[in-house]
Amino acid sequence: MKTLLLMRHAKSDWKQPGLSDHDRPLNARGRQAAPRMAQKLSESGLRAEVILASSAVRVQETVELVQEHWSVDAEVLTRPTLYLASPLQIMSEVQSLHDSWHNAMVIAHNPGLAALVSHLTGQNLDMPTAAVAVFQFDVDQWSQVSMSGSPVLVDFWKPRDLKDEG
């Protein structure tokens, strides 16, 4: 069994003209949402042994905040190919993971992430900033995880849905 957590980066700051899209940092709302999602992951008992992350600044900041507030010591693998990646590019990175890892997280961007989550669920699911979708695949190797597989959607959280829980 392989567990895959897909997370969209937290809300980014658009107030700095001249910054490239890749270099935009998180805004205040994003700096609040990422720890809240990490706390939800902790409370749910979810683990990740590895985090695949886009090289974008907002993703790297999301990773740092998630790690600070989630009781896991995951290895972080920064992948420039995950910056604005398509669903197939995201899946290719997942399929390349070492099989000794059973629980992996990807932190990346829309529209590719939302398209992947929607495809895997067979539903049109929105992935707002900092949303997390948790899938389980009944496979032994990451290379067997595919777009045509039949994963189980275990959990799906959006930051705004957690406000009433806290």
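The structure under discussion appears in the preceding block.
The paragraphs below set out a description of the structure included in this document. (Residues numbered from 1 in each chain as written. Predicted model: local features only at pLDDT ≥ 70, side-chain atom pairs only at ≥ 80, totals over all residues. Heavy atoms only, no water.)

## Quick look at the layout of surface pockets
Move 1: Computed from the structure, the largest pocket encloses a volume of approximately 170 Å³.
Move 2: R29, R36, T129, P159 and R160 are, among the twelve residues lining the largest pocket, the residues nearest its centre.
Move 3: Every element with two or more residues in the lining of the largest pocket is listed here: α1 (28-43) and α5 (159-162).
Move 4: Ranked by residue count, the leading element in the lining of the largest pocket is α1, at four residues. (1 Å grid on protein atoms, 1.4 Å probe; cavity = no way out; pocket = protein on both sides within 12 Å on 5 of 7 lines; lining within 4 Å. Points joined across faces, edges and corners; volume = space filled by probe spheres on them. Helix = DSSP H or I, 4+ residues; strand = E, 2+ residues; numbered from the N terminus.)

## Looking at the pattern of salt bridges
Move 1: Within the structure shown, the criterion is met by three salt bridges.
Move 2: Its salt-bridge partner being D21, residue R24 comes within 2.5 Å of it at the nearest N-O pair.
Move 3: Residue classification places R24 among the buried positions, given a relative accessible area of 6%.
Move 4: Classification of D21 as partly exposed rests on a relative accessible area of 28%.
Move 5: Here D21 and R58 are joined by a salt bridge, their closest N and O atoms 3.1 Å apart. Here D21, found in the loop between β1 (2-8) and α1, pairs with R58, found in helix α2 (residues 57-69); they are 37 residues apart in sequence, far enough to count as distant.
Move 6: Connected through salt bridges with shared partners, the residues D21, R24 and R58 form a single ionic network. (Salt bridge = Lys/Arg side-chain N within 4 Å of Asp/Glu carboxyl O. Buried < 20%, exposed > 50% of the residue type's maximum accessible area, 1.4 Å probe, protein only.)

## Let's talk about the pairing of β1
Move 1: Among the seven residues in β1, seven count as buried, and that is most of the element.
Move 2: Side-chain alternation along β1 places K2, L4, L6 and R8 on one buried face and T3, L5 and M7 on a second face that is also buried.
Move 3: Judged from the six bridges that link them, β1 and strand β5 (residues 132-137) form a sheet pairing that is antiparallel. By the bridge assignment, T3 is partnered in β5 with Q136.
Move 4: In terms of strand pairing, β1 meets strand β4 (residues 103-108) through six bridges, oriented parallel. Residue pairing across strands places L5 opposite M105, the latter belonging to β4. (Pairing = 2+ DSSP bridges.)

## Digging into helix α4 (residues 112-121)
Move 1: Extensive coverage of α4 is indicated by the burial of seven of its ten residues.
Move 2: Elements that come into contact with the buried residues of α4 comprise β1, α3 (87-95), β4 and β5.
Move 3: At the exit of α4 stands G122, carrying a positive phi of roughly 75°. (Contact = heavy atoms within 4.5 Å.)

## Some details on the packing of α1 against α2
Move 1: One way to put it is that α1 packs onto α2 with a least axis distance of 8 Å and a crossing angle of 45°. On the basis of their axis angle, the class for α1 and α2 is oblique. Between α1 and α2 the crossing geometry is right-handed. Note on element contacts: α2 touches α1 through T62, L65, V66 and H69, opposite G30, R31, A34, P35, A38, Q39 and S42. (Axes fitted to C-alpha atoms, helices over the stretch in contact; angles between N-to-C directions. Parallel < 35°, antiparallel > 145°, perpendicular 65-115°, else oblique. Left-handed = near helix turned anticlockwise from the far one by under 90°.)

## What to know about the nonpolar core
As a rule of thumb, nonpolar side chains are buried together in soluble globular proteins.
Move 1: If you look at the biggest cluster of nonpolar residues, it comprises 30 residues, and the most contacted ones within it are L4, L6, V94, L97, V106 and W142.
Move 2: Secondary structure elements with two or more residues in this core: β1, β2 (50-53), α3, β4, α4 and β5.
Move 3: For L4, the contacting residues outside a window of four places in its chain are V94, A104, V106, A133, V134, F135, F137 and W142.
Move 4: Counting 28 residues, the second-largest nonpolar core is a separate cluster that includes L41, A53, A56 and W157. (Core = buried A, V, L, I, M, F, W, Y, C linked by side-chain atoms within 4.5 Å.)

## Remarks on the sheet that holds β5
Move 1: Spatially, β3-β2-β4-β1-β5-β6 is the arrangement adopted by the six strands of the open sheet, whose pairing is mixed. A single partner strand is all that each edge strand has here, and the edge strands are β3 (75-78) and β6 (152-157). In this sheet, neighbouring strand axes are inclined to one another by 20° on average, regardless of whether the strands run parallel or antiparallel.
Move 2: In the packing of α1 onto the sheet, contacts are made with β1, β4, β5 and β6, and the angle to β6 comes to roughly 140°.

Geometric values such as these leave the question of function open.
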